[in-house]
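As a plain string of letters, each chain reads:
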Amino acid sequence: MAAAAFLCARAAAALRPPSRGLSRRLLASRVAAASSSGEGGGGVEFQGKVGFLGLGIMGAPMASNLIKAGCDVTVWNRTKSKCDPLLSLGAKYEPSPAEVASSCDVTFAMLADPQSAAEVACGAGGASEGLAPGKGYVDVSTVDGATSKLIEERITSTGASFLEAPVSGSKKPAEDGLLIFLTAGDESLYKRVAPLLDVMGKSRFYLGDVGNGAAMKLVVNMVMGSMMVSFSEGLLLSEKVGLDPNTLVEVISQGAISAPMFSLKGPSMVKAAYPTAFPLKHQQKDLRLALALAESVSQSIPTVAAANELYKTAKSLGLADHDFSAVIEALKTKAESSQQQ
Ligand SMILES: NC(=O)C1=CN([C@@H]2O[C@H](COP(=O)(O)OP(=O)(O)OC[C@H]3O[C@@H](n4cnc5c(N)ncnc54)[C@H](OP(=O)(O)O)[C@@H]3O)[C@@H](O)[C@H]2O)C=CC1
Ligand SMILES: O=CCCC(=O)O
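Residues numbered from 1 in each chain as written. Chains lettered and ligands numbered in written order. Predicted model: local features only at pLDDT ≥ 70, side-chain atom pairs only at ≥ 80, totals over all residues. Heavy atoms only, no water.

A. Representation of unusual backbone geometry. Despite not being glycine, alanine 272 shows a phi value in the positive range, around 55°. Unlike most non-glycine residues, serine 298 shows phi in positive territory, near 55°. Looking at where serine 298 falls in the secondary structure, it is placed in the loop between α13 (280-296) and α14 (302-316). Judged by its relative accessible area of 70%, serine 298 falls in the exposed class. (Helix = DSSP H or I, 4+ residues; strand = E, 2+ residues; numbered from the N terminus. Buried < 20%, exposed > 50% of the residue type's maximum accessible area, 1.4 Å probe, protein only.)

Written out as structure tokens, the structure reads:
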């Protein structure tokens, strides 16, 4: 019956015009390929209804790709109007996380931070109230290990299974179904949802116990946050010494420190434009959580600590909802105030 729902949804999707990101045919073929390839030769097939909680910059395109691939998706978002584009693609709606979780076999959550992830999973009307044995909950938000373990405890107390699966990759990879999943927790749930992860992403890592996915994500993002600060310093210094910062972007793109992030964001940073893909407030949250992680094992990460201060300054300049590349504005402000002294 679930498989029939899948086929119906796929047929309906074929009637709709193609949109951004992967084509419907490619997405549907990814579900089919992932379903038939299986894990360890045992064969994995996802059957059932999929819930999605949190339709922000990342959640909306991820849920949208599942719908385009023919999945039977039910959505919820705190600000209800953000559900509308998904509903017009064919998603169903439930008025609370608990009702999504109780009407679905597996529920994904993509929320802003540790507080919102815990609230949506464990709070009043939260997903855990709708969970039961046989169901799964997959949290793809970026949180710290302690929050993830707290959520795991609450979810598994209902008899349901839990997987943490934060993602590397931003708005565009989410639209294109090219995310990287950093998963940990219940391995059988990991295998069960693999076809869905393969619709939304290009690769997936299974890292063992809950907390390892969160830690991997924070380490990756602390490197990224420091790289962005260093790149910003280079752009500003090149300009100050009379070089064209656009040429710096070009030179970097051809050498050993080339990174897609520099080529993608550099040209707009030179124009002081910061269209939001990864909100600066989330980058600062990740640095804060990475610093706490480092503290927990007495590891010194002074570069990250310095970068974090700049992101905090950028937030105080009203740039929290801009792209994290707007951290360069904090450096400009510092340069101005040191010139005045
Ligand atoms: N953007 C990016 O490039 C990437 C982001 N991430 C991580 O993914 C997560 C989501 O990021 P992104 O989509 O960019 O963020 P957004 O800020 O665009 O979306 C955040 C989502 O969380 C919801 N939310 C916030 N607070 C609450 C609350 N108290 N109760 C219920 N819902 C709440 C928002 O609801 P509402 O619409 O009502 O505000 C929204 O759905 C974050 O953890 C981020 O660090 C990971 C990889 C890349
Ligand atoms: O958490 C956000 C990561 C953004 C990226 O990987 O480009």
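B. Region of the structure containing the UniProt feature "domain: 6-phosphogluconate dehydrogenase NADP-binding" (unreviewed entry) in the protein. Annotation from UniProt places "domain: 6-phosphogluconate dehydrogenase NADP-binding" (unreviewed entry) at residues 49-208. Summarising residues 49-208: 40% helix, 24% strand, and an end-to-end C-alpha distance of 26 Å. (UniProt positions renumbered as here; feature names shortened; annotations may be inferred.)

C. Region of the structure containing the pairing of strand β5 (residues 136-139). Alternating positions in β5 separate into two faces, Gly136 and Val138 on one and Tyr137 and Asp139 on the other, with burial throughout. The sheet contact formed by strand β4 (residues 106-109) and β5 spans four bridges and is parallel. Bridge pairing in β5 links phenylalanine 108 to valine 138. Strand direction decides the pairing type here: β5 and strand β6 (residues 161-164), joined by four bridges, are parallel. Pairing of tyrosine 137 across the sheet is with phenylalanine 162, part of β6. Tracing the backbone out of β5, into helix α7 (residues 145-156) and back to the parallel element β6 gives a crossover that is right-handed. (Pairing = 2+ DSSP bridges. Right-handed = clockwise from strand over helix to strand, strands pointing away.)

D. Fine view of the site of ligand 2. Every residue lining ligand 2 is accounted for by Ser168, Gly169, Ser170, Lys217, Asn221, Met224 and Phe278. Separating an oxygen atom of ligand 2 from a side-chain N or O atom of lysine 217 is a distance of 2.7 Å. For ligand 2, whose unbound accessible area comes to 240 Å², protein coverage reaches 81%. At three residues, the largest contribution of residues to the shell around ligand 2 is made by helix α10 (residues 212-240). Within the shell around ligand 2, the residues separate by chemical class into two nonpolar, four polar and one charged. Composition of the shell around ligand 2 by domain shows at least three residues from each of domain 1 (2-209) and domain 2 (214-340). (Near = heavy atom within 4 Å. Polar contact = N/O pair within 3.5 Å; in protein donor to acceptor, adjacent residues only side chain to side chain. Areas by Shrake-Rupley, 256 points an atom, 1.4 Å probe, with all protein chains shown as cover. Nonpolar A, V, L, I, M, F, W, Y, C, P; charged D, E, K, R; others polar. Domains from an automatic or database assignment.)

E. A look at the packing of aromatic side chains. Under the counting rule described, the total for this entry stands at five aromatic pairs. Considering the side-chain rings of phenylalanine 231 and phenylalanine 262, the 4.3 Å spacing of their centres and the 25° angle between planes classify their relative orientation as stacked. You can see phenylalanine 231 sitting in helix α10 and its partner phenylalanine 262 sitting in helix α12 (residues 260-270), a full 31 residues away along the chain. (Phe/Tyr/Trp six-rings, centres within 6.5 Å; stacked < 30°, edge-to-face > 60°.)

F. Examining the nonpolar core more closely. Of all hydrophobic cores here, the largest spans 36 residues; its most connected members are Phe52, Met62, Leu66, Phe108, Val138, Phe181 and Val193. Listing elements by their share of this core, those giving two or more residues are β1 (49-53), α3 (59-68), β2 (72-76), α4 (84-89), β4, β8 (179-185) and α9 (187-200). A per-element tally of this core places α9 first, with seven residues. Those residues within four positions of phenylalanine 181 in sequence are excluded, and the remaining contacts are Met62, Val140, Ala165, Pro166, Val167, Leu197, Met200, Gly201, Ser203, Arg204 and Phe205. By size, the runner-up hydrophobic cluster in this structure holds 33 residues, among which are Met228, Ala294, Ile301 and Leu310. (Core = buried A, V, L, I, M, F, W, Y, C linked by side-chain atoms within 4.5 Å. Contact = heavy atoms within 4.5 Å.)

G. Here's a closer look at the site of ligand 1. Near ligand 1 lie 26 residues; those nearest to it are Asn77, Thr79, Lys82, Ser170 and Lys285. Residue leucine 111 places a main-chain N or O atom 2.9 Å away from an oxygen atom belonging to ligand 1. Take alanine 277: an N or O atom from its main chain is 2.8 Å from a nitrogen atom of ligand 1. Protein chains bury 89% of the 890 Å² of accessible surface belonging to ligand 1 in isolation. Those elements that provide at least two residues to the shell around ligand 1 are α6 (114-122) and α13. With three residues, the single largest contributor to the shell around ligand 1 is α6. By residue class, the composition of the shell around ligand 1 is twelve nonpolar, nine polar and five charged. When residues of the shell around ligand 1 are assigned to domains, at least three map to each of domain 1 (2-209) and domain 2 (214-340).

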